[in-house]
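# Architecture and fold: a report
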Amino acid sequence: MARQPPDDVTAPLVDVLVVGAGPVGLALAADLARRGVSVRVVDTLDAPTTQSRAIVVHSRTLDHLQALGALDGILARARTITGMALHTRGHDVGRIPFDAITATHPYSVSLLQTDTEAVLAERLAALGVTVERSTTLTGATEHEGHVVAETARGDGTTGTVRARYVVGADGARSAVRHVMGEHLEGSFAGDDFLIGDVDGDHGYDRSSFHTFFSPGDTTSLLFPLPGDRVRVLAQLPDGTDPDRQVTQDWLQHTLDERGVALRIRTAHWLTRFRLKHGQVGRYRQGRFFVAGDAAHIHSPAGGLGMNTGLHDAANLGWKLARAVQAPARDGSADALLDSYHAERHPVGADVIAFATRLTRVGTLSNPVAQRVRDAVVHLGLQSSTIVTRLSETVEQQRVRYRDSPVVRGEGGALRPGDFLHLPDTDVGAALARTPGHLAVVLPDHDPGGLLGGAAAPDLPIGVAELAVSRQDAARLADATGLRHGGVVLVRPDGYVGYLGPAADATGLADYLRVVAT
């Protein structure tokens, strides 16, 4: 790593420098700012992108956006999507229902990335932070207790930023990743797609996404957007001229060949995308971190890219806040910051593997294999177990951190590292009101199922008690095995960090030693 720029000790010190003002960088910066962390955000672009790009926001991501205070703005601009319909050879194969999952928000939504960024930028501005545009990171080096970053502006001037931590949310060509010496490792010569955001006429269900298994070795996708607009992806066969100009007529012809009954009226955005899969080896190096496309890139199948990045931000934000605000003499801040990689790297790898499988299923070239696939998919969708698992995977409701080095305790169906969903209690709204942990205190249950008995333990400073309904308390007691009283600590990202009996002061103290709030 270069030893320039030099350390200017007279320059002010900011807690976190976020490089990149896409959805991930904006969400992370907003989360930091609402927790009282000083943050600067720089972006190379002189204005927000006008390209629609990522358009799907899944169920678990809506939970995180609610805690961030941005959910209402997203829903006001979005279309609600309740399932994925599958088609082949002009026939319906089946449908994966999203609204059958157990979740606070049992659906996805679709909206232009420009709208997602606008909502997040408004939230960030309300917290007193504006994006510094036309500003590029040109170098950075780590010093004792901070990083010195060098920037170049569009007008030719240069600047220096001193920050305790630097996070690269600056996309697939990340400058921060380069500074870290990390590389995306994976497959970079994959399938070829035409992509378009268009206004058009079609008869498909506008509350569902649509996948089309074509007679050949290609597949197509259709995503309804607000109004008459739709996102379409049409895979191109091997050998397609790499220099061919992308036009509306070409996209229309390609869709017609694949049996997608859409008549394009107006094309708002057209591009060509070469499928790539890759992930860095480390999400953290010292005081540098990467998130979103800077850390992992993968197939658009399933619409998981931006969502995975927003989950990175939700995981990292509260940990960085703890690191800059709490004493770290015992090294606990480093252990907590290391858990960002430990928790999120496996998730990124799983998303890449899942998106790759989806792509391969849709691009079988052998006619016999295609018919077998269609039959297997049709039969599989008759199984409620398979359908639920698929729905939960797409909606990212199966993300867990049970193997995390910083969660503590044991449980039953609900364990440390699981996301806490309570049907009658709005956990997301409670997380939006507090910068720290939430505690659900479970009193002893008498044989008749009535709450009573054990006194509530004293909660540490910075931990707010979450009042839950009697029904949710009973459900938690059963799910955790804490039928004789206990404590469930919910992390700021909505996952259970600790659960155990109220009398287990040692276990609770051990957890709080690592994640003091």
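Here's what I pulled together on the structure shown here. Not measured: the values here are computed from a predicted model.

### Some details on unusual backbone geometry
Despite not being glycine, Arg 53 shows a phi value in the positive range, around 45 degrees. A positive phi angle is found at Ser 134, which is not glycine, with a value near 55 degrees. Checked against the element boundaries, Ser 134 lands in the loop between β8 (131–132) and β9 (135–143).

### A look at the pattern of salt bridges
What the rule picks out here adds up to 29 salt bridges. When the shortest N-O distance is used, the salt bridge between Arg 34 and Asp 31 registers 3.0 Å. Of the two residues, Arg 34 and Asp 31 are both situated in helix α1 (residues 23–34); the distance of three residues between them amounts to about one turn of the helix. Look at Arg 34 and you get buried, because its relative accessible area is 16%. Where Arg 274 meets Asp 192, a salt bridge forms, and the shortest distance between an N and an O atom there is 3.8 Å. A residue pair is termed long-range when its members are at least 10 positions apart, and Arg 274 in strand β17 (residues 263–274) and Asp 192 in strand β13 (residues 192–201) qualify at 82 residues.

### A few points about the sheet that holds strand β5 (residues 83–88)
Reading across the sheet, the seven strands line up as β6-β5-β14-β15-β16-β13-β17 and stay open at both edges, with mixed pairing between neighbours. A single partner strand is all that each edge strand has here, and the edge strands are β6 (91–97) and β17. The sheet shows a mean angle of 20 degrees between the axes of neighbouring strands, direction not considered. In this structure, β13 lies alongside β17, joined through ten bridges in antiparallel fashion. Each bridged residue has a counterpart across the sheet, and for Asp 201 the counterpart in β17 is Arg 263.

### Some details on α1
With twelve residues, α1 ought to run about 16 Å at 1.5 Å a step, and its terminal C-alpha atoms sit 16 Å apart, in line with that. The element α1 is largely enclosed, with a buried count of twelve among its twelve residues. Once α1 finishes, Gly 36 follows within two positions and takes phi at roughly 85 degrees, a positive value.

### Re the packing of helix α2 (residues 59–68) against helix α7 (residues 305–325)
Two numbers describe how α2 lies on α7: the axes approach to 10 Å, and their chain directions differ by 40 degrees. Classified by chirality, the crossing of α7 by α2 is left-handed. Where α2 approaches α7, its residues Arg 60, Thr 61 and His 64 are matched on the opposing element by Asn 307, Leu 310, His 311 and Ala 314. Residues belonging to the contact of α2 with α7 are distributed by class as follows: two nonpolar, four polar and one charged.

### Some thoughts on the packing of aromatic side chains
Applying the stated criterion to the full structure yields nine aromatic pairs. Here Tyr 204 and Phe 212 contribute two aromatic rings whose centre-to-centre distance is 5.2 Å and whose plane-to-plane angle is 70 degrees, an arrangement assigned as edge-to-face. Using a relative accessible area of 16% as the deciding quantity, one classes Tyr 204 as buried. Here the aromatic rings of Tyr 283 and Tyr 340 are separated by 5.7 Å at their centres, their planes lie at 50 degrees, and the arrangement is tilted. Here Tyr 340 lies in helix α8 (residues 332–362) and Tyr 283 lies in the loop between β18 (277–279) and β19 (284–285), a separation of 57 residues in the sequence. Tyr 340 matches Tyr 283 in its accessibility class, with the two residues each being buried. Through successive ring pairs, a cluster of aromatic residues spans Tyr 165, Tyr 283, Phe 289 and Tyr 340. Across from the ring centre of Phe 419, 3.9 Å away, lies the NZ or CZ of Arg 60, which sits over that ring.

### Structural notes on the pairing of strand β2 (residues 39–42)
Here four bridges tie strand β1 (residues 13–19) to β2, and the two strands are oriented parallel to one another. What sits directly across from Val 16, in β2, is Val 39. You can see the chain leave β1, run along α1 and come back into β2, and the turn it takes is right-handed. Pairing of β2 with β8, which is carried by two bridges, proceeds in the parallel orientation. Residue pairing in the sheet places Val 41 in a bridge with Val 131 of β8.

Reading the values: rules and limits
- Residues numbered from 1 in each chain as written.
- Predicted model: local features only at pLDDT ≥ 70, side-chain atom pairs only at ≥ 80, totals over all residues.
- Heavy atoms only, no water.
- Helix = DSSP H or I, 4+ residues; strand = E, 2+ residues; numbered from the N terminus.
- Salt bridge = Lys/Arg side-chain N within 4 Å of Asp/Glu carboxyl O.
- Buried < 20%, exposed > 50% of the residue type's maximum accessible area, 1.4 Å probe, protein only.
- Pairing = 2+ DSSP bridges.
- Axes fitted to C-alpha atoms, helices over the stretch in contact; angles between N-to-C directions.
- Expected span 1.5 Å × (residues − 1).
- Left-handed = near helix turned anticlockwise from the far one by under 90°.
- Contact = heavy atoms within 4.5 Å.
- Nonpolar A, V, L, I, M, F, W, Y, C, P; charged D, E, K, R; others polar.
- Phe/Tyr/Trp six-rings, centres within 6.5 Å; stacked < 30°, edge-to-face > 60°.
- Lys NZ or Arg CZ within 6 Å of the ring centre and 35° of its normal.
- Right-handed = clockwise from strand over helix to strand, strands pointing away.

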